[in-house]
Amino acid sequence: MLTYLSIIITAIFINNIVFSQFLGICPFLGVSKKTSSALGMGAAVTFVITLSTVVAWLLQYYVLEPLELGYLQTIVFILVIAFLVQMLEIVMKKIAPALYQSLGVFLPLITTNCAVLGVAILVIQKSFTLMESVTYGFATSIGFTLALWIFAGIREQLELTPVPRGMKGVPVALICAGILAMAFMGFSGIKIG
């Protein structure tokens, strides 16, 4: 039980995929203008990361390694992620068209979100079991969603705040992202277990 708790806390706070490993920066900066779209993107990424982690783990240990095709890992994982994102896009278009429209071009870009592929590869590199992989994938995506949601809230507040003309938009957003990353670095002193 302590192992799973350690995986969860570490993935969400200590080794946050955005602030510590610098994966998923494109959607982090692109979809973080409104908290509603940030939460929608976070939910979509959570679904894709969790499911792709399970499928990638099963493919790695039941297909690639037994057939000695480990060198195809990246290509196979990318194809799995592309398939899952396509399925998510079809379902979301039917079930939640408003969210589908608000995510716009960023929904298909989950396919190229390096955080999704990164998590699938990291669970293999860390030699996690299937349950540890699912836990890590889900917790990492929750950490991604948390980072996205906090940053979207900051950016919404920045729209209401007088900012010098030369700092408006991307410059002040990048400064805030850096400060937020430093705040998350404070969690690195936490020892679990």
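The structure we're discussing is the one just above.
Residues numbered from 1 in each chain as written. Predicted model: local features only at pLDDT ≥ 70, side-chain atom pairs only at ≥ 80, totals over all residues. Heavy atoms only, no water.

S.K.: It is not clear to me how the overall build of the protein chain should be interpreted in this structure. Could you clarify?
M.R.: If you tally the helices and strands in the protein chain, you get eight helices and zero strands. Here the C-alpha atoms of the protein chain give a radius of gyration of 17 Å, agreeing with the 16 Å that 2.2 N^0.38 yields for 193 residues. For the protein chain, the spread of C-alpha atoms along the three principal axes comes to 60 × 45 × 30 Å. The buried share of the protein chain, reckoned over its 193 residues, is 42%. Summed over its atoms, the accessible surface of the protein chain is roughly 10,200 Å², and 72% of this surface lies on carbon and sulfur atoms. The positive charge centre, built from 9 side chains, and the negative charge centre, built from 6, are 17 Å apart in the protein chain. (Helix = DSSP H or I, 4+ residues; strand = E, 2+ residues; numbered from the N terminus. Rg over C-alpha atoms; globule rule 2.2 N^0.38 Å. Buried < 20%, exposed > 50% of the residue type's maximum accessible area, 1.4 Å probe, protein only. Areas by Shrake-Rupley, 256 points an atom, 1.4 Å probe, with all protein chains shown as cover. Lys, Arg positive; Asp, Glu negative; His and termini not counted. Charge placed at Lys NZ, Arg CZ, Asp CG, Glu CD.)

S.K.: How should I be thinking about unusual backbone geometry in this particular structure?
M.R.: Backbone geometry follows two general trends: most residues other than glycine have a negative phi, and most peptide bonds adopt the trans configuration. A positive phi angle, near 55°, is found at Phe 22, a position not held by glycine. You can see Phe 22 is positioned in the loop between helix H1 (2-14) and helix H2 (25-30). We classify Phe 22 as exposed; its relative accessible area is 57%. The phi dihedral of Ser 127 is positive, around 55°, even though this residue is not glycine. Assignment of secondary structure puts Ser 127 in the loop between helix H6 (114-125) and helix H7 (130-160).

S.K.: Could you clarify how one ought to interpret the packing of aromatic side chains in this entry?
M.R.: In this description, an aromatic ring pair is defined by two values, namely the gap between the centres and the angle between the planes. Going through the model one piece at a time under the given rule, you end up with eight aromatic pairs. Residues Phe 184 and Phe 187 carry aromatic rings whose centres are separated by 5.6 Å and whose planes lie at 70° to one another, so their mutual orientation is edge-to-face. The buried category is assigned to Phe 184, whose relative accessible area is 7%. Through a chain of ring-to-ring contacts, three or more aromatic side chains come together here, namely Phe 13, Phe 19, Phe 28, Phe 151, Phe 184 and Phe 187. (Phe/Tyr/Trp six-rings, centres within 6.5 Å; stacked < 30°, edge-to-face > 60°.)

S.K.: Looking at this structure, I do not really get the side chain of Thr 53. What am I missing?
M.R.: Mapped onto the elements of the fold, Thr 53 is located in helix H3 (residues 35-64). On the accessibility criterion, Thr 53 (0% relative accessible area) is buried. A polar contact of 2.6 Å, which involves the side chain of Thr 53, links it to the backbone oxygen of Ile 49. The contact partners of Thr 53, leaving out residues within four places of it in the chain, are Val 119, Val 123, Ser 133 and Gly 137. (Polar contact = N/O pair within 3.5 Å; in protein donor to acceptor, adjacent residues only side chain to side chain. Contact = heavy atoms within 4.5 Å.)

S.K.: Got a minute to help me understand the packing of H1 against H7 in this structure?
M.R.: If you want to describe how two helices pack, look at the angle between their axes and the distance between the axes. Closest axis-to-axis distance for the H1/H7 pair is 7 Å, and the angle between their directions is 30°. Taken together, the axes of H1 and H7 are roughly parallel relative to one another. Taken as a pair, H1 and H7 cross one another with a handedness that is right-handed. Where H1 abuts H7, its residues Thr 3, Tyr 4, Ile 7, Ile 8, Ala 11, Ile 12 and Phe 13 lie against Met 131, Glu 132, Thr 135, Tyr 136, Ala 139, Thr 140, Ile 142, Gly 143 and Leu 146. Looking at side-chain class alone, the contact of H1 with H7 contains 11 nonpolar, four polar and one charged residues. (Axes fitted to C-alpha atoms, helices over the stretch in contact; angles between N-to-C directions. Parallel < 35°, antiparallel > 145°, perpendicular 65-115°, else oblique. Left-handed = near helix turned anticlockwise from the far one by under 90°. Nonpolar A, V, L, I, M, F, W, Y, C, P; charged D, E, K, R; others polar.)

S.K.: Teacher, can you tell me more about the nonpolar core here?
M.R.: Across soluble globular proteins, you tend to see nonpolar side chains buried next to one another. Residues Phe 19, Phe 28, Phe 77, Leu 107, Ile 110 and Tyr 136 are the most contacted members of the largest nonpolar core, which totals 56 residues. Each residue touching Phe 77, except ones within four places of it in the same chain, is listed here: Ala 56, Gln 60, Leu 64, Leu 117, Ala 120, Ile 121 and Ile 124. (Core = buried A, V, L, I, M, F, W, Y, C linked by side-chain atoms within 4.5 Å.)

S.K.: Mind showing me how you'd approach the packing of H6 against H7 here?
M.R.: Two elements in contact, H6 and H7, have axes separated by 10 Å at closest approach and are oriented at 145°. Two packed elements cross with a definite hand, and for H6 against H7 that hand is right-handed. Facing Val 119, Leu 122 and Val 123 of H6, the residues of H7 in contact are Ser 133, Tyr 136, Gly 137 and Thr 140. Of the residues assigned to the contact of H6 with H7, the class counts are four nonpolar, three polar and no charged.

S.K.: Explain the state of the cysteines here, please?
M.R.: Defined simply, a disulfide is a covalent bond joining two cysteines at their sulfur atoms. Per the stated rule, a full pass over the model turns up zero disulfides. Residue Cys 26 stays outside any disulfide, its sulfur separated by 8.5 Å from that of Cys 114, the closest cysteine. With a relative accessible area of 52%, Cys 26 lands in the exposed category. Of the cysteine sulfurs around Cys 176, a residue in no disulfide, the closest is that of Cys 26, at 19 Å. Looking at Cys 176, the relative accessible area reads 16%, which means it is buried. (Disulfide = S-S within 2.5 Å.)

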